[in-house]
Amino acid sequence: MEYLRRPLMTLPQLWKPLRCAPSTYCSNSANSGVTSRERRSAAADGFKAQISSGPSFQDFIKGVSARETRPAVDLEGSEDRGYLPDDSDTGNSRKVYFETYGCQMNVNDTEIAWSLLQKKGYRRTADLGEADVVLLVTCSIREKAEQTIWNRLRQLTAMKKKRMKTPTPMKIGLLGCMAERLKTELLEREKLVDVIAGPDAYRDLPRLLAVAEGGQRASNVLLSLEETYADVMPVHHAPHGKSAFVSIMRGCDNMCSYCIVPFTRGRERSRPAGSVLEEVRLLSDQGVKEVTLLGQNVNSYRDTSEEQFRGADPTKLSQGFKTVYRAKQGGLRFSDLLDQVSRIDSDMRIRFTSPHPKDFPDEVLHLIAERGNICKQIHLPAQSGSSEVLTAMRRGYTREAYLKLVENVKRIIPEVSLSSDFISGFCGETEDDHQQTLSLIREVGYNVGFLFAYSMRKKSKRSAEDLCGRTDGNMKVIFPKEDVAVRPAASDAASVHAGDYVLVKILSSSSQSLRGRALSHSSLSGTVGHCETAPRLLLREHGASDTTMIETCS
């Protein structure tokens with residue numbers, strides 16, 4: 001390159017070189033009174049005088065005069081990267097293959113990352129064999145999840161080696177929580193990946209891939225106090241799907257002692273309400289029938305992006321709950337956002353996950369009870385039934401406070417369906433602590449429980465002649481594929497398609513799903529008289545009817 005052949009600096013002849021001479025002693029009477037120390041001091045003063053009149057740093061830079069000053073370059077906000085060509089971060093139609101592991105947030109992250117890459121000219125492929133770039137969106141919440149990724153990386157590395165000498169060598173990238181946590185091990189020791197991007201660095205993906213294309217490894221795992229990707233419209237992999245995830249906040253401030261999320265996802269920050277509402281309206285226009293609002297601590301949402309939201313009112317918590325951080329003030333709260341989202345489309349179901357029990361003030365519960373399209377299903381992760389273990393977990397509540405919250409929820413929302421998370425075998429947990437957890441499960445009567453440590457649940461199997469949907473309480477329902485009445489008690493029949501609401505009579509159940517037969521088409525506003533039985537009772541009363549939305553047809 002031409003600029004490498006140019007001299008990096010020149011030395012102008014602005015001063016004469018110094019010559020050091022040995023000290024001499026003479027017996028001249030005129031100098032006989034000057035000591036050797038004084039002579040050395042005089043010589044040093046002369047040297048300093050010449051240095052002070054000598055060249056400055058600017059004199060060593062070619063083409064810049066000694067008196068010329070150059071403006072400072074704002075590297076933090078600059079898009080000019082001199083070490084890369086201007087168009088180096090374009091995809092040039094390279095094909096990207098995504099594999100997503102873990103929670104719903106990772107599904108949403110995949111859609112965000114794909115949106116950013118698509119704008120740069122990348123193409124998506126479902127065929128691993130033709131992929132130029134393989135990106136794994138990873139989970140780091142449990143050791144088993146990480147081990148799954150390690151095994152997959154070794155498989156992909158073997159594939160990559162086979163393509164090293166081909167015209168299109170494969171690049172491997174790791175995104176998400178595991179990327180942030182294990183950057184050094186992944187890049188330097190194991191050397192299994194070319195690109196690493198943490199949850200807050202997806203905007204940098206095109207540049208990182210450009211660096212990797214040049215043969216270098218690249219990473220960005222910096223966490224942000226502001227990044228919410230509010231201006232990035234996620235691209236859903238199934239454009240004609242009838243359900244979608246919408247991220248409303250990122251990060252977590254709770255600092256539970258067993259959880260790595262605050263360290264891999266960073267501090268809490270909420271997406272501006274206007275951006276959330278715009279995305280939900282777009283999804284409604286596209287025919288989406290169910291939206292799930294996402295966040296690591298979704299119901300602690302607090303939008304302070306506009307001046308009108310910055311009040312002094314403290315955040316309201318569930319009675320008997322506390323936080324490890326100072327009380328937050330002002331902001332548009334979760335109940336306000338949920339209210340506005342539910343008004344966009346009365347025939348669109350609204351869910352949210354994953355909440356924290358501390359953030360269920362009464363106004364949230366009353367809104368769920370009153371609004372017909374907000375699902376009457378609440379996830380209340382207890383984690384343990386022992387107050388001692390809950391203190392060790394830094395959960396901010398006792399067993400008694402949790403049960404009081406459950407009582408309040410059931411009082412305000414009589415037909416509510418509850419689910420929860422539990423950890424068994426926590427540090428210091430005794431047999432008595434474990435029995436308290438079992439008694440809590442029995443006392444609350446959850447519809448669904450997610451237990452750790454756990455074994456992967458077997459997927460419910462269904463034939464090509466079956467359809468599958470979910471109830472308001474988020475239970476999977478499988479039923480035969482057949483035409484049903486266009487409305488209750490009607491004689492005309494019509495086929496069932498993805499996104500339709502239908503009344504289903506439940507006939508049997510297993511630990512993972514319900515089975516039944518569709519009775520008729522329906523809508524959220526037209527099923528009140530047919531769904532008086534609470535969804536959580538479906539496991540016991542197999543003859544009851546409930547409304548379920550079809551998610552897939554096959």
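Residues numbered from 1 in each chain as written. Predicted model: local features only at pLDDT ≥ 70, side-chain atom pairs only at ≥ 80, totals over all residues. Heavy atoms only, no water.

With an unreviewed UniProt entry as reference, the protein is termed Mitochondrial tRNA methylthiotransferase CDK5RAP1, source organism Liparis tanakae. UniProt, in its Cofactor (unreviewed entry) section for the protein, records the words "[4Fe-4S] cluster". Recorded in UniProt for the protein, the comment headed Sequence similarities (unreviewed entry) runs: "Belongs to the methylthiotransferase family. MiaB subfamily." (UniProt positions renumbered as here; feature names shortened; annotations may be inferred.)

Engineer: How would you summarise the nonpolar core if you had to cite specific residues and measurements?
Structural biologist: When a protein is soluble and globular, its nonpolar side chains tend to lie buried together. Ranked by internal contacts, the top residues of the largest apolar core, which has 48 residues, are L293 and I378. By size, the runner-up hydrophobic cluster in this structure holds 24 residues, among which are A113, L175, A201 and L209. (Core = buried A, V, L, I, M, F, W, Y, C linked by side-chain atoms within 4.5 Å. Buried < 20%, exposed > 50% of the residue type's maximum accessible area, 1.4 Å probe, protein only.)

Engineer: A description of the pairing of strand 15 (residues 417-423) should follow, citing residues and the corresponding values.
Structural biologist: Within strand 15, seven of the seven residues are buried, leaving the element largely enclosed by the surrounding structure. Pairing of strand 14 (residues 377-379) with strand 15, which is carried by three bridges, proceeds in the parallel orientation. Paired with H379 across the two strands is S419, which belongs to strand 15. Across five bridges, the pairing between strand 15 and strand 16 (residues 448-452) is parallel. Residue pairing for strand 16: F422 is matched across the bridge by L451. As for the winding sense of the linkage, the β-α-β connection from strand 15 through helix 14 (residues 431-444) to strand 16 is right-handed. (Helix = DSSP H or I, 4+ residues; strand = E, 2+ residues; numbered from the N terminus. Pairing = 2+ DSSP bridges. Right-handed = clockwise from strand over helix to strand, strands pointing away.)

Engineer: So, the pattern of salt bridges: which residues are in play, and what are the values?
Structural biologist: Evaluated as defined, the whole model comprises 26 salt bridges. Here E130 ties to K95 by a salt bridge, and the two come within 3.6 Å at their closest N and O atoms. Here K95 lies in strand 1 (residues 95-100) and E130 lies in the loop between strand 2 (123-124) and strand 3 (133-138), a separation of 35 residues in the sequence. Note on E130: relative accessible area 35%, which makes it partly exposed. Between R343 and D339 there is a salt bridge, and its shortest N-O distance comes to 3.0 Å. On the criterion of helical spacing, the pair formed by R343 and D339 is a turn pair, its members being four residues apart in helix 10 (residues 334-344). Each member of the salt-bridge network shares a partner with another, and the members are D109, D200, R250, R265 and R269. (Salt bridge = Lys/Arg side-chain N within 4 Å of Asp/Glu carboxyl O.)

Engineer: Just give me the short version of helix 14, but keep the residues and values in it.
Structural biologist: The periodicity of an α-helix, 3.6 residues per turn, causes residues three or four places apart in sequence to face the same way. With 14 residues, helix 14 extends 20 Å between its outermost C-alpha atoms, agreeing within 8% with the 20 Å of an ideal straight helix rising 1.5 Å per residue. All buried positions along helix 14 are accounted for by D433, T437, L440 and V444. The buried residues of helix 14 all sit within an arc of 60 degrees when viewed along its axis, so they share a single face. Summarising the geometry of helix 14, the exposed residues directed more than 90 degrees from the buried face are E431, D432 and R442. Here the buried face of helix 14 lies against helix 12 (387-392), helix 13 (399-412) and strand 15. One or two positions beyond helix 14, positive phi appears at G445, with a value near 75 degrees. (Expected span 1.5 Å × (residues − 1). Arc of directions from axis to C-beta. Contact = heavy atoms within 4.5 Å.)

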